[in-house]
Amino acid sequence: MADLSVRFAGLSLRNPFLLASGVWGESGDSLAGAWAAGAGGVITKSIGAVPRAGYPNPTIETYERWGLLNAMGLPNPGIGEYPREIEVAQRAGALVIGSVFAGDATEFARLARRMAATGVIAIELNLSCPHAEGFGTEVGSEPEDVEKIVRAVVAEVRVPVIAKITPNTSDPAGLASAAEAGGAAAVSAINTVRALAIDVHLRRPVLAHGLGGLSGAAIKPIGLACIWQIYEAVSIPIIGIGGIGSGQDALEYAMAGARAVEVGTAVAFDGISVFARLPRELAGLLDELGFARFEDAVGAAHTRV
Ligand SMILES: Cc1cc2nc3c(=O)[nH]c(=O)nc-3n(C[C@H](O)[C@H](O)[C@H](O)COP(=O)(O)O)c2cc1C
C-alpha cells in the first residue's frame, strides 16, 4: 500500500487531505468530525478580530454536481470566542490549522499572534476571499501587499505561515513569489473564483451580495493551472485546492506540484465521509501507477521525459 504521509514546512501529516477553510469547520465538533473521518488535518473557518454576521441570505447557490457559488461574507465569532472551538477539536486529537483574515498587515500580525496562542500547528492567511469588502482579495491582489502582510505575520509567530493565494489575478505565481519573499513556509491555492448567478424572474443576482465565489469541480482546471505556474516560480511547498473530490483529483494536483491538498465543496456535497474515501482512492491509484509514496508524485508532470 502506497505511503500517504507527508512532511513539509515543518508539518507532518498522516495523509495529504486537509479540510479546507470555511466549508465545514465552524465549530470544534465539526473540525473534530472531519479529523475522526480521516482528514490529515483540519483548517478553521477564517477568523477575524471581531465577531461578524456575514451577508444576508441567500448566500449559496448550488449547481448540480459541478459547483457551488457562495458569498457568505466571512461570518465568524471573532478571535475572542473562537479559541474554545479549537480546543474542542484539539482535545479530540485533531491537527488544527488556524485561518485568519484582516484588513492590513498590522491587524493580520496581531490576529495571527492570538491564533498561534491556541496551539494550532500552522496559520493560513486568507489573502483571497473574493467577496468581502476590505479583506481577502482586496488586500491580497498586489505582490507588495502580500509580501508585507506575510512578513509582518512571520515576525510575530513561530508556527509555519501559509499564504492562501487568489486565482482572481493575471499572475498567481507573482503573488506566491511575494509570499515566499515575505517568509511564508508554504502557499495554498486557490480560493474561490469570482462569479455571478442571475435570476431572470427577479431580474437581479441570485445571491443577496451579488458577486460570489465559485468552488467545486468546475474550478479544478483553474486550480491546477495556478499550482502549475506557482510550482515553476517558487521553491516553498504548495497546497492545492479547488474541486478535489476523488483520489485522482488529488494526484493531478500533486503531479502539478502540490504537496498536500484541501477539500471543501466535496465535503459540502458528500459529507465528511469523503475523508475516509479519498485516502483509500489515492492509495489505490498510486499502487496502480507504481508510486511507493505520495510524495514521489509531487511535480511529476513537470519532469520532461
Ligand atoms: C461556503 C464556503 C465558505 C468558504 N469560506 C472560506 C473561508 O472562510 N476562508 C477561506 O480561506 N476560504 C473559504 N472558502 C474557500 C475554500 O476554502 C476553498 O478555497 C474553495 O472552496 C475551493 O475549494 P473546493 O472546490 O474544494 O471547495 C469557502 C468556500 C465555500 C464554498
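Criteria and cut-off values
Residues numbered from 1 in each chain as written. Predicted model: local features only at pLDDT ≥ 70, side-chain atom pairs only at ≥ 80, totals over all residues. Heavy atoms only, no water. Helix = DSSP H or I, 4+ residues; strand = E, 2+ residues; numbered from the N terminus. Buried < 20%, exposed > 50% of the residue type's maximum accessible area, 1.4 Å probe, protein only. Contact = heavy atoms within 4.5 Å. Lys, Arg positive; Asp, Glu negative; His and termini not counted. Charge placed at Lys NZ, Arg CZ, Asp CG, Glu CD. Pairing = 2+ DSSP bridges. Axes fitted to C-alpha atoms, helices over the stretch in contact; angles between N-to-C directions. Near = heavy atom within 4 Å. Polar contact = N/O pair within 3.5 Å; in protein donor to acceptor, adjacent residues only side chain to side chain. Areas by Shrake-Rupley, 256 points an atom, 1.4 Å probe, with all protein chains shown as cover. 1 Å grid on protein atoms, 1.4 Å probe; cavity = no way out; pocket = protein on both sides within 12 Å on 5 of 7 lines; lining within 4 Å. Sits in = over half its atoms within 2 Å of the grid points. Nonpolar A, V, L, I, M, F, W, Y, C, P; charged D, E, K, R; others polar. Points joined across faces, edges and corners; volume = space filled by probe spheres on them. Parallel < 35°, antiparallel > 145°, perpendicular 65-115°, else oblique. Left-handed = near helix turned anticlockwise from the far one by under 90°. Phe/Tyr/Trp six-rings, centres within 6.5 Å; stacked < 30°, edge-to-face > 60°. Lys NZ or Arg CZ within 6 Å of the ring centre and 35° of its normal.

### Brief notes about the overall build of the chain
Counting its secondary structure elements, the chain contains ten helices and 16 strands. For the chain, the proportion of its 305 residues judged to be buried stands at 56%. Of the contacts formed within the chain by residues at least 6 apart in sequence, a portion of 72% connects residues at least 24 apart. Where the 23 positive side-chain charges of the chain centre and where its 31 negative ones centre are 4 Å apart.

### Brief notes about the sheet that holds strand 6 (residues 67–70)
In spatial order, the strands read 5-6-14-11; together these four strands make up an open sheet with antiparallel pairing. Edge strands, defined here as strands with exactly one partner in the open sheet, are strand 5 (60–63) and strand 11 (193–195). Mean inter-strand twist for the sheet, computed between neighbouring axes without regard to direction, equals 30 degrees. The pairing of strand 6 with strand 14 (residues 212–215) spans three bridges and is antiparallel. Looking across to strand 14, one finds that Leu-69 is bridged to Leu-214.

### Observations regarding the site of the ligand
Taken together, the neighbourhood of the ligand is formed by 23 residues, with Ser-21, Ser-46, Gly-216, Gly-243 and Thr-265 sitting nearest. Contact between the ligand and Ser-46: a nitrogen atom at 2.7 Å from a side-chain N or O atom of the residue. For the ligand, whose unbound accessible area comes to 610 Å², protein coverage reaches 97%. Placement of the ligand is best described as lying within the largest pocket. Per-class residue counts for the shell around the ligand are eight nonpolar, 13 polar and two charged.

### Observations concerning the layout of surface pockets
Here the largest pocket defines a volume of roughly 670 Å³. Residue lining of the largest pocket: 41 residues in total, with Val-23, Thr-192, Ser-215, Gly-264 and Thr-265 positioned closest to the centre. Those elements that place two or more of their residues in the lining of the largest pocket are strand 6, strand 8 (122–126), strand 16 (260–263) and helix 9 (265–270). Here the element with the most residues in the lining of the largest pocket is helix 9; it accounts for five residues. Class assignment for the residues of the lining of the largest pocket results in 17 nonpolar, 16 polar and eight charged.

### So, the packing of helix 1 (residues 28–37) against helix 2 (residues 83–91)
As a packed pair, helix 1 and helix 2 sit with axes 7 Å apart at the nearest point and diverge in direction by 30 degrees. Put simply, helix 1 runs roughly parallel to helix 2. Considering the relative orientation of helix 1 and helix 2, their crossing is right-handed. Along the contact surface, helix 1 presents Gly-28, Asp-29, Leu-31 and Ala-32, while helix 2 presents Glu-85, Val-88 and Ala-89. Split by residue class, the contact of helix 1 with helix 2 holds four nonpolar, one polar and two charged.

### Observations concerning the environment of Gly-28
Among the secondary structure elements, Gly-28 is positioned in helix 1. Given a relative accessible area of 0%, Gly-28 falls into the buried group. In sequence terms Gly-28 and Ala-258 are 230 residues apart; their C-alpha atoms lie 27 Å from each other. Beyond its immediate stretch of four places on either side in the chain, Gly-28 contacts Glu-85, Val-88 and Ala-89.

### A word on the pairing of strand 5
As judged from the four bridges shared by strand 5 and strand 6, these two strands associate in the antiparallel manner. Along strand 6, the bridge assignment pairs Glu-61 with Leu-69.

### Observations regarding the packing of aromatic side chains
A full pass over the atoms with the stated rule returns two aromatic pairs. Their ring planes at 85 degrees and their centres at 4.9 Å tell us that Phe-101 and Phe-135 sit as a pair that is edge-to-face. Of this pair, Phe-101 sits in the loop between strand 7 (96–100) and helix 3 (105–116) while Phe-135 sits in the loop between strand 8 and helix 4 (137–140), placing them 34 residues apart in sequence. Here Phe-101 falls in the buried class, since its relative accessible area comes to 2%. In this arrangement the basic side chain of Arg-14 is found over the ring face of Trp-35, its NZ or CZ atom lying 3.7 Å from the centre.

### A word on helix 6 (residues 172–181)
In terms of burial, helix 6 is largely enclosed, as seven of its ten residues are buried. All buried positions along helix 6 are accounted for by Pro-172, Ala-173, Gly-174, Leu-175, Ala-176, Ala-178 and Ala-179. Looking at the buried side of helix 6, the elements it contacts are helix 4, helix 5 (143–154), strand 9 (161–164), strand 10 (186–189) and helix 7 (220–233). Gly-183 sits one or two residues past helix 6 and shows a positive phi near 105 degrees.

### Quick notes on the sheet that holds strand 8
Spatial strand order, 3-4-7-8-9-10-15-16: eight strands in a closed barrel with parallel pairing. With direction set aside, neighbouring strand axes in the sheet form an average angle of 25 degrees. Lying over the sheet, helix 7 contacts strand 10 and strand 15 (238–241), oriented at roughly 165 degrees with respect to strand 15. Packed onto the sheet, helix 10 (residues 274–289) meets strand 3 (17–19) and strand 16 and runs at close to 160 degrees relative to strand 3.

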